[in-house]
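Given next are the chains, with one letter for each unit.
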Amino acid sequence: MNKLLIAALFGLLLLSAPFVRGEEAEKEDEYEDDSASEDSKGGDDEEKDVVVITTKNWDDTVKKAPFALVEFYAPWCGHCQKLKPEYAKAATELKKYDDKIVIGKVDATVESDLGQKFGVQGYPTLKWFVDGELVSDYGGPRDASGISRWVQKKTGPAAATLADKDALEAAEKGAEVLVLGYFKDFKGAEHEAFIKVAQANEDATFVQTSDKAVAKAAGLDKAGSVTVITNFPNEERQTVALKGKITKDGLGDLIKSEKLPPTIEFNDQNSQKIFSSGIEKQLLLIANEKDLKADAELFKSYRKVALEHKGKLVMVTVNMDGTAKDPVVNFFGVKAEDAPVVVGFEMAKNKKYKLKGDLSEKALGEFAASVLDGTAEAEYKSAPIPDEPTDGGVSIIVGKNFDSIVKDEEKDVLLEVYAPWCGHCKALEPVYKKLAKRFAKVDTVVIAKMDGTENEHPDVEVKGFPTIIFYPAGKDAKPITFDGGDRSLKALTKFIKKNAALTKFIKKNAVSKFELPKKKKSDDGEKDAEEEDDKKDEL
C-alpha cells in the first residue's frame, strides 16, 4: 500500500469508511475520462448470468439466496462499464461452480431506495450477502478470475477441522486471530450458529475440533464451547472463551472485542484493521518512538486504559519518528512540537477530540470515558478567513466564517465542499464560477465553496469530493444534498430554483419574482443553449 493510499485511508476513510473505494477511483479519474465507449459496454447476452435486481424482486433473489454478490452501479459510470464484462464472465464461471450463488446488479440511479438502504456512496459498489443479510463490502479484485476466486473462498468450508494438537499449532502460526469451536458432533443448533458466524466473518480464521487434546490446548474442557485464540506481535498468547451458549450475536461480539491487540500501531499493514474493526470510536496516541516503547511510562498508562476499554475503543499509536504518520498528523493538525498528544475520533459522526493538559493515567482514563459517553468536546479545524472573500464570484468559506455566511437565515446558500487534488472538483470549477455569475444579481442567493481538507463544521457531513449542499434560508431550514451525477450549469441552476426558500416565499406572497439575467452568447461566442430552459423555469 503506497503513501497516497494510506493518506486516502486516513484522510477520507476516517471521514467515512465507505468512501475509500470512491477515493481510489477519484485518483484514477485524475488521469482518465469517467466515460467509456459504447464498444466497451458489451451486449445483453454477455450478461445472461447476471441477475438484474430491483426493489420488487429483492426478496425473491437476494433474500432467498444462500450467497449473493450485488453490484450497485450507475449507467453513466465509466468504472462500472469497465467492470461490466469481467463481472459477467465471473457470473458465468460461478454459475457452473454453484448455481445457487446469485451474482446480481442494481441500477442505483433507478433503485435509489436500495442504494440508500445499503449506504452506497460511489460507483461501482459491490456488497456481499449471506442468507439475505449484508455481511461486508467487496474489496477484492475486479477481474473475472479474481471475483470468482473471492466468491469461491467465501462459499467453501467455513471452518477447517483439526485432528490433533499439531494441526492447532500450525493453524495458530497462520492466523493472529483464531476461533476454535469444540463440539462432540458437528451438528446441532450451536454448531450451526458457529458455522453461520464463520461464513460471515472476515476478521478471523475459524477451525473446529472434536478432539479433547486439541480443546484442552486451547483452554476448553467442555464440548459445545468456543474460544478466541490471539497471537499478536509483542503480545502473549491469549485465549478468551465465550461465556454461555453459542449464539450468532454472542460469538460475533466476542470476536469484535478480541480481534485487535490492546494497542495497534497505525501503519500500512494495520490501517484496514483499524477502520474495519466495527468499533466506531478511536483514541490515538501520537508520540515519538521513545514514548511508545513498552517500558515507557506514557505507553504503559495508555495500554492500561486500553485494556480497560477493550472492545469499546480502538487504541491506536502513531509514531512521529516513523513513515506512516503524515495522514494522521495532517488530519488532526498535529505538529512535531505537539507530541506527545492524545486525540480521539468518532467515525459515525465525523467528530474529532483532543486531550488537553497532562497525559497521566487518570487523565487518559477520563478522556477515554468522555469520548465513549459523548461528553468530550469536539474540535473542528479552520483555515484563516481570507483577505479576498470571493474567487471568481464564488464566496470562500472557512470554518471560522461558516455560520455567518452559510447559516445566514436571510440567504439561500449553495456550498461546494471540495479538495484541491480532486479531479471532479477541478472539472466543476469553471461551471461553478458561471453559476456564481448567473446568480450574481440575485441578492438572496450565495454560491460558495469550502476546502474540505482544511476546514470542518459540525453541520457538514462529507462522504466524498465534491459534496454539494444547499442551505435554504430560514431559522429551522434543513440542508439539502445535491445527489445528481449531472453537475452541469443547467442542473445546478434548476436545483437552486427548486429549493430556494426565499423564492418560494416570494411566490406565495405574490411579490415580484427574481429573474436570472440572460446572456445571448456564451463565453466562447456560441448561443447559450440553456436560455430557453431558464425562461421556462423562471420564478
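Residues numbered from 1 in each chain as written. Predicted model: local features only at pLDDT ≥ 70, side-chain atom pairs only at ≥ 80, totals over all residues. Heavy atoms only, no water.

Quick note on the threshold: UniProt positions are given in the numbering used here, feature names are shortened, and annotations may be inferred rather than shown by experiment.
As recorded by an unreviewed UniProt entry, the chain carries the name Protein disulfide-isomerase and is attributed to Tetradesmus obliquus. Per UniProt, the chain carries the Sequence similarities (unreviewed entry) text "Belongs to the protein disulfide isomerase family." Its UniProt record gives the chain a comment under Subcellular location (unreviewed entry), which states: "Endoplasmic reticulum lumen".

## Examining empty space enclosed by the protein
Operational definition: Here a cavity is any set of points on a 1 Å grid over the protein atoms alone where a 1.4 Å probe fits but cannot get out, and a pocket is any open set with protein on both sides within 12 Å along at least 5 of 7 lines; a residue lines the site when it has an atom within 4 Å of a point. Grid points are joined across faces, edges and corners, and a volume is the space filled by probe spheres set on the points. Helix and strand assignments come from DSSP, with helices taken as H or I runs of at least 4 residues and strands as E runs of at least 2, each series counted from the N terminus. Residues are grouped as follows: Ala, Val, Leu, Ile, Met, Phe, Trp, Tyr, Cys and Pro are nonpolar; Asp, Glu, Lys and Arg are charged; all remaining types, including Gly, are polar.
Tallied over the full model, the rule gives one cavity of 30 Å³ or more. Around the largest cavity, the lining is made up of 13 residues, and of these L260, P261, K310, G311 and L313 lie nearest the centre. At the level of elements, helix 10 (248-258) and strand 13 (314-319) are the ones that each hand at least two residues to the lining of the largest cavity. Grouping the constituent residues of the lining of the largest cavity by class yields nine nonpolar, two polar and two charged.

## Re the packing of aromatic side chains
Put simply, the rule is: When the centres of two rings from Phe, Tyr and Trp lie within 6.5 Å, Trp using its six-membered ring, the rings pair. Their planes under 30 degrees apart give stacked, over 60 give edge-to-face, and anything left gives tilted. Under the scheme applied here, a residue whose accessible area is under 20% of the maximum for its type counts as buried, over 50% as exposed, and between as partly exposed, the area being computed with a 1.4 Å probe on protein chains only.
The final tally for this structure, using the stated rule, is 17 aromatic pairs. Taken together, a centroid distance of 6.2 Å and an interplanar angle of 45 degrees make the contact between F72 and F118 tilted. Of this pair, F72 sits in strand 2 (residues 67-73) while F118 is found in the loop between helix 5 (112-117) and strand 4 (125-130), placing the two residues 46 residues apart along the sequence. Look at F72 and you get buried, because its relative accessible area is 0%. Residue F118 is classed as buried on the basis of its relative accessible area of 13%.

## Quick word on the environment of D459
Defined as follows: Whether two residues touch is decided by their heavy atoms; if any such pair falls within 4.5 Å, the residues are in contact. Distance and chemistry together define a polar contact, namely a pair of N or O atoms within 3.5 Å, with one atom able to donate a hydrogen and the other to accept it when in protein, and with adjacent residues in sequence counting only for side-chain atoms on both sides.
By the element assignment, D459 lies in the loop between strand 20 (445-451) and strand 21 (467-471). For D459 and D403, which are 56 residues apart along the polypeptide, the C-alpha to C-alpha distance reads 9.8 Å. With residues up to four places along the chain from it excluded, the contact list for D459 reads K407 and Y471. Polar contacts involving the side chain of D459 include one to the side chain of K407, which spans 2.5 Å.

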